[in-house]
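Structure assessment
Listed here are the chains, written in short residue letters.
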Amino acid sequence: MKPTRALAIALGALLLTWVAQAAVGYWQVGRLEPVLNEETNLTVPPVPSGLAHTGARVFASQGCLECHSLSARGPKDSADLTRGWGQRRSVARDYLFRDPAMIGTARIGPDLSNIGARMPEGDKLMQHLYDPRLIKKTSTCPTHPWLFATKPAGPKAEPDALQVSPDGWHQLIPTYQARALVAYLQSLNANYALPEAPLK
Amino acid sequence: MNRSTLPQGSTAALVLILGSILASLVGAGLQLLANTQLLVPSLDRLIPMPWFNYGRLVPASQFLLSYGWLGSGLLGVLLILAPRFSGIAFRYGRLLFGGTILWQLAIFSGFTQILLEGSSGLIGMPQPRFVSILLILSFLVLGTGLTRGLGRSWKSGPLLPRLYLLLALLAFPLGLGSAEVLLRGTVTPGSVQIIAQLLWHSFHQHLWLAPLGLVLIFQLLPTLTGRAATSLNLGLLAWIATALLGGWLGTVRASDGPIPSWMQSTGVVASILMAFVAIGNGLLVQNLTEGRWEEIRRNVALRFLSVGAWSYATSYILLAFLSLPWVRPVMVFTVAWPALFEVFHFLFLGCVLAGSVYALLPVAREMGWPNSSALTWHFWCTTLGAAAAASGLLLAGSFQGLALSDAGVPISTLASYLRPFLFVVIFAQFFWLVGQVAFSSVLIASLLRLFPTAAPMAVFRNPTVIRPVSVGHLHG
């Protein structure tokens, strides 16, 4: 085989792969647009807030994806919906405004694609982040104490202080990162129907 | 060949190989620590710092093992090999050395950034943007050096190594560069970002790392056994198929979800076809090694390369199995995929890298290997350790997948399913680390010439048959 022919084959194969996935992928799912939910008169998927957008990066940086996926599958292939992880399967349109868009590759813990609907309470999410064993004793999720500042407990608790205290003398105040992460988790709410994925 | 410029290239190669070994020790150590945390979750209370967190340790160790250990090591041995199979010396040795330093700087920066600041969350690309730019820049320098191996000698040596080298040299900058542009350089919709991540994952694993390993297999095995590949047509077919199919293999990591279903189906078909490609390459290796079992038993480099070649075929057969339509939905989010990582990285690429270092470093550094029991420790600990870790993870993944598919099994009990297997995996990974420490010690001692007697060819102790294997023409 001549070097030029080998070069043409290798380059052609790589470009073909790239075009078939990235370019055709863009043509197929990259041009999707939000749709109007006639019940609420709002478009879905909703555009996440700036805080939630920051929270996505905190979520990635804390390595939550090493144990949690962000993609619920349909009833044909999995028990995801029976477990209550969502009311429908995740589809490409759900990820329209996600940056970075993440699906995860592991499930040591539950799928979080709909955690905002399953656990909407910010306090509970904060406590889970600080120490998951406060919510569930058998949890294997690691603690994240560095996401909270410790302040001496005064006569009056700070308005956003956690309900728990590490020693009774101190209160735990969520940092900006913790607030952003909770805002992101709350934004993961897919309880709306899409044309290609109706609610079950 | 202009020998005066060879030492510059060999110094660059040595820096890459030493960096690779350091990365393997640190990366495997962190992997061990991460799995221990999975087994004992309360361990994170000992050091309540972000960098000690499971979520940081896993991407940091994967980055270090993938780019630091295998990437650096394979580039290092190829820097020794390329001028020898082309007969053309590196012209700009200092530039090459600069590229090497830049590569090591990228590895160190990427590792510390992931550990201290966290991963980017992108599949196959946990490092920050500036690290990717450093990697591409240094690869352009090192890759340009390696193209010397493709030069005017195209017709004078075995064709397959050159073809795989060409593929790898094109795939890395094209894949990483376009992934960076799509994922962090422009406003790409989230739905396309996921496709771009899986595309880069495929390029990285199957069009860059695997072809680099195949270059060494198809160059060194014929040299060490004194035989040529029997069917060039089969080899060419396998090469073309690798180039066409390799980029699709990442899409099988998604099941249902946001990836278009036709892409997932194509990924499944590509994975199954790649198993046949790997079997085809396996047949070529079979012809190269058949009847040479005593030499394989005795010669350290040959034994590592043979195990690496068979593990290559095994890893693609395992990938095809995990991609089967009735297996994939069960196994997709389980630790069965890290089992594939173990076979692919530790058994295939790790063994090929070790065999290549044993075969090529004496050529570059005019050093020898001692007849030490550390060689035996290295072989058995690394191969058995990696095989046991992969088996443990595969079994754990099977139980995990079945448990995840049954809504009656609470997710909180999942960890208890994994625990017994995690014990095995941790023990096996520790075993692998012991083997790698043995390798490091014998390598450092050989470089420093601490052994009173040494031979250019590494042999295991107490060989039953003494039959020399010529590596002479590698020296030319």
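See the structure shown above.
Observations regarding the overall build of chain A
Across its full length, chain A holds five helices and four strands. Each helix (α) and strand (β) of chain A, taken in turn from the N terminus, gives the series α-β-β-α-α-α-β-β-α. Against the compact-globule benchmark of 16 Å for 200 residues, chain A has a radius of gyration of 21 Å, which places it well outside the compact range. Here the C-alpha coordinates of chain A stretch approximately 80 × 50 × 30 Å along the principal axes. For chain A, buried positions account for 44% of its 200 residues. Taking all contacts inside chain A whose residues are at least 6 apart in sequence as the whole, residues at least 24 apart take part in 69%.

Re the interface of chain A and chain B
On the side of chain B, 66 residues touch chain A, which itself brings 64 residues to the contact. Elements with a contribution of two residues or more to the side of chain A that touches chain B: helix 1 (3-30) and helix 2 (50-61) of chain A. Of all the elements, helix 1 of chain A adds the most residues to the side of chain A that touches chain B, at 17 residues. For the side of chain A that touches chain B, a count of residues per class yields 33 nonpolar, 20 polar and 11 charged.

A closer look at the environment of Ala278 of chain B
Residues and elements named next belong to chain B. Structurally, the position occupied by Ala278 is in helix 8 (residues 261-289). Given 26 C-beta atoms within a 10 Å radius, Ala278 is considered buried. Between the alpha carbons of Ala278 and Ala313 there is a distance of 4.8 Å; along the sequence they are 35 residues apart.

A closer look at helix 1 of chain A
Three or four residues apart is the spacing at which side chains of an α-helix point the same way, because the helix has 3.6 residues per turn. The largest bend in helix 1 of chain A amounts to roughly 30° and is located at Val19 of chain A. For helix 1 of chain A, the set of buried residues is Ala6, Ala10, Ala13, Leu14, Thr17, Gln21, Ala22, Gly25 and Val29 of chain A. Taken together, the buried residues of helix 1 of chain A touch helix 5 (159-185), helix 6 (190-225), helix 7 (232-245) and helix 8 of chain B.

The rules behind each value
Residues numbered from 1 in each chain as written. Chains lettered and ligands numbered in written order. Predicted model: local features only at pLDDT ≥ 70, side-chain atom pairs only at ≥ 80, totals over all residues. Helix = DSSP H or I, 4+ residues; strand = E, 2+ residues; numbered from the N terminus. Rg over C-alpha atoms; globule rule 2.2 N^0.38 Å. Buried ≥ 20, exposed ≤ 12 C-beta atoms within 10 Å, placed from the backbone. Contact = placed C-beta atoms within 7 Å. Nonpolar A, V, L, I, M, F, W, Y, C, P; charged D, E, K, R; others polar. Bend = angle between axes of the 7 residues up to and from the residue.

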